[in-house]
Amino acid sequence: MRVLGIESSCDETGVALYDTERGLLGQALFSQIDMHAAYGGVVPELASRDHVRRLLPLVRQVLSEAGCGPEQVDGVAFTAGPGLAGALLVGAGVGRSLAYGWGVPAVAVHHMEGHLLAPLLEEDGPAFPFVALLVSGGHSLLLEARALGDYRPLGESVDDAAGEAFDKVAKMMGLGYPGGPRVAALAEKGQAGRFRFPRPMTDRPGLDMSFSGLKTFTLNTINDLGGAEALSDQDRADIALAFQDAVVDTLVIKCRRAMEQTGGERLVVAGGVSANRALREKLDAAMAKRGVRVFYPGLAYCTDNGAMIAYAGALRLVAGEHSGLPIAVRPRWPLAELAPLPA
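Keep in mind that this is a model prediction, so the values were computed, not measured.

What counts and how
- Residues numbered from 1 in each chain as written.
- Predicted model: local features only at pLDDT ≥ 70, side-chain atom pairs only at ≥ 80, totals over all residues.
- Heavy atoms only, no water.
- Helix = DSSP H or I, 4+ residues; strand = E, 2+ residues; numbered from the N terminus.
- Buried < 20%, exposed > 50% of the residue type's maximum accessible area, 1.4 Å probe, protein only.
- Lys, Arg positive; Asp, Glu negative; His and termini not counted.
- Salt bridge = Lys/Arg side-chain N within 4 Å of Asp/Glu carboxyl O.
- Polar contact = N/O pair within 3.5 Å; in protein donor to acceptor, adjacent residues only side chain to side chain.
- Contact = heavy atoms within 4.5 Å.
- Phe/Tyr/Trp six-rings, centres within 6.5 Å; stacked < 30°, edge-to-face > 60°.
- Lys NZ or Arg CZ within 6 Å of the ring centre and 35° of its normal.
- UniProt positions renumbered as here; feature names shortened; annotations may be inferred.
- Expected span 1.5 Å × (residues − 1).
- Pairing = 2+ DSSP bridges.
- Axes fitted to C-alpha atoms, helices over the stretch in contact; angles between N-to-C directions.
- Core = buried A, V, L, I, M, F, W, Y, C linked by side-chain atoms within 4.5 Å.

Trainee: Explain the side chain of glutamate 7 to me, please; I cannot follow it from the model alone.
Mentor: Looking at where glutamate 7 falls in the secondary structure, it is placed in strand β1 (residues 2–7). Arginine 316 is the oppositely charged side chain nearest to the buried, salt-bridge-free glutamate 7, at an N-O distance of 13 Å. Separated by 3.2 Å, the side chains of glutamate 7 and histidine 111 make a polar contact. Sequence-distant contacts of glutamate 7, defined by excluding residues within four places in its chain, comprise Glu12, Thr13, Gly14, Thr79, His111, Asp304, Asn305, Gly306, Met308 and Ile309.

Trainee: Whenever I open this one, the packing of aromatic side chains confuses me. Can you help?
Mentor: By convention here, two paired aromatic rings are described through the distance between centres and the angle between planes. For the structure shown, the criterion picks out 5 aromatic pairs. Their ring planes at 15° and their centres at 5.1 Å tell us that phenylalanine 128 and phenylalanine 130 sit as a pair that is stacked. A cation over an aromatic ring shows up here: arginine 54 above the ring of phenylalanine 30, its NZ or CZ 3.8 Å from the ring centre.

Trainee: Even after reading the chapter, I still don't get the pattern of salt bridges, so can you show me in this structure?
Mentor: Two side chains of opposite charge can pair, provided their charged atoms sit close to one another. In the structure shown here, the tally under the stated rule is 21 salt bridges. The partner of arginine 2 in a salt bridge is aspartate 19, with the nearest N and O atoms 3.1 Å apart. Highlighted residues: arginine 2 in strand β1 and aspartate 19 in strand β2 (residues 12–19), separated in sequence by 17 residues. Grouping residues by exposure puts arginine 2 and aspartate 19 together as buried.

Trainee: Got a minute to help me understand the UniProt feature "domain: Gcp-like" (unreviewed entry) in the protein in this structure?
Mentor: Using the residue numbers shown here, the UniProt feature "domain: Gcp-like" (unreviewed entry) corresponds to residues 24–311. Secondary structure content for residues 24–311 is 46% helix and 17% strand, while the C-alpha to C-alpha distance between its ends is 8 Å.

Trainee: What exactly am I supposed to notice about helix α7 (residues 212–224) here?
Mentor: Each α-helix turn comprises 3.6 residues. Residues three or four places apart therefore point the same way. Over its 13 residues, α7 extends 19 Å from the first C-alpha to the last, a length consistent with the 18 Å expected when each residue adds 1.5 Å. Tucked into the core, α7 has its buried residues touching α5 (162–172) and α8 (233–262). Positive phi shows up at glycine 226, right after α7, with a value of about 105°.

Trainee: Could you clarify how one ought to interpret the sheet that holds β2 in this entry?
Mentor: The strands that make up a sheet are held in pairs by hydrogen bonds between backbone atoms, and each pair lies either parallel or antiparallel. On the basis of which strands lie adjacent, the open sheet formed by 5 strands has the order β3-β2-β1-β4-β5 and mixed pairing. Pairing within the sheet leaves two strands with one partner each, and these edge strands are β3 (23–31) and β5 (106–110). Adjacent strand axes in the sheet meet at a mean angle of 20° when their direction is disregarded. Sheet analysis places β1 next to strand β4 (residues 75–81), joined by 4 bridges and oriented parallel. Bridging from a neighbouring strand, isoleucine 6 pairs with phenylalanine 78 of β4. Along the sheet, helix α2 (residues 44–65) contacts β1, β2 and β3; its crossing angle with β2, the most-contacted strand, is approximately 25°.

Trainee: Would you take a moment to explain the nonpolar core for this structure?
Mentor: Across soluble globular proteins, nonpolar side chains have a tendency to be buried as a group. Within the largest apolar cluster, 61 residues are counted, with the highest numbers of intra-cluster contacts made by Leu4, Leu17, Leu116, Leu134, Leu143, Tyr151 and Leu335. Among the elements that take part in this core, helix α10 (residues 306–318) stands out by supplying 8 residues, more than any other. In this structure, leucine 4 is in contact with Val15, Ala16, Leu17, Val59, Leu63, Val73, Gly75, Val76, Ala77, Leu98, Trp102 and Ala310, ignoring residues within four places of it in sequence. Counting 49 residues, the second largest nonpolar core, distinct from the first, contains Ala165, Ile222, Ala246 and Met259.

Shown next, in the form of structure tokens:
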């Protein structure tokens, strides 16, 4: 089965073609970062309009590069949530319309399930069951994935997501948007030990997370040094390192607890923050001590992309799931509400 995948939940327009026998046949991605950078964050209306402009040209590009015509597409998968309502409607409308016009089934895909399954695109991907840490700009959650669609929540952020905290701290220091990669790059120049930031909610049982207080602690540190305008380059680097260490340590502690609680042997880490090198290094070291193998998506599949939606959609279409003709999106959509499907 050849499935066209469409991702438009936020500020990246992704299209990909996945073949259940041959793998990924082609993909294209357009990032709106430059457009939103002037505003310091994503402007939903601008994001939606840009998806309208980009989607069909990207579909044509992917089909052309794959040497595939519309008549050779067996299904269309599109992100139906969670995400920005207008942006989701663009992708869902285009995806459902293409499927109707081509006479093939369509399937609505949960954005976070796409991230969850992205490591399975790799040659040596994990098999069910596994524990997963999903960390992105909008989500931070731990879950036990027992089968396709069978996901048991273990813990989540009770306020800011990890990626959201990275972006807000970057804004505090005047680093611009998107903040996560810039904080991580700056942290590599930081002096270890100058600042010690708290590891939130690690002094109590449980797998829930919180990063809002850490964000406030960072702001207070900046103000203690005279405010953002008074910071030297070294100040920024040292703060970035202390903040990143606190986030990474917190995530590693929670993952260690999750593996102890479930007795699992495989850990999947996905989402935009999974590209963070410090997180990967510390998680690999901590999990190796416990005999746990860690799986990540390729760097190209950490952020939003069409390949993960095409892959997740292909699995659901093969399992017999189809979406009806009405176009519906869910800006808020708990992953635990997905129903288990046969393997």
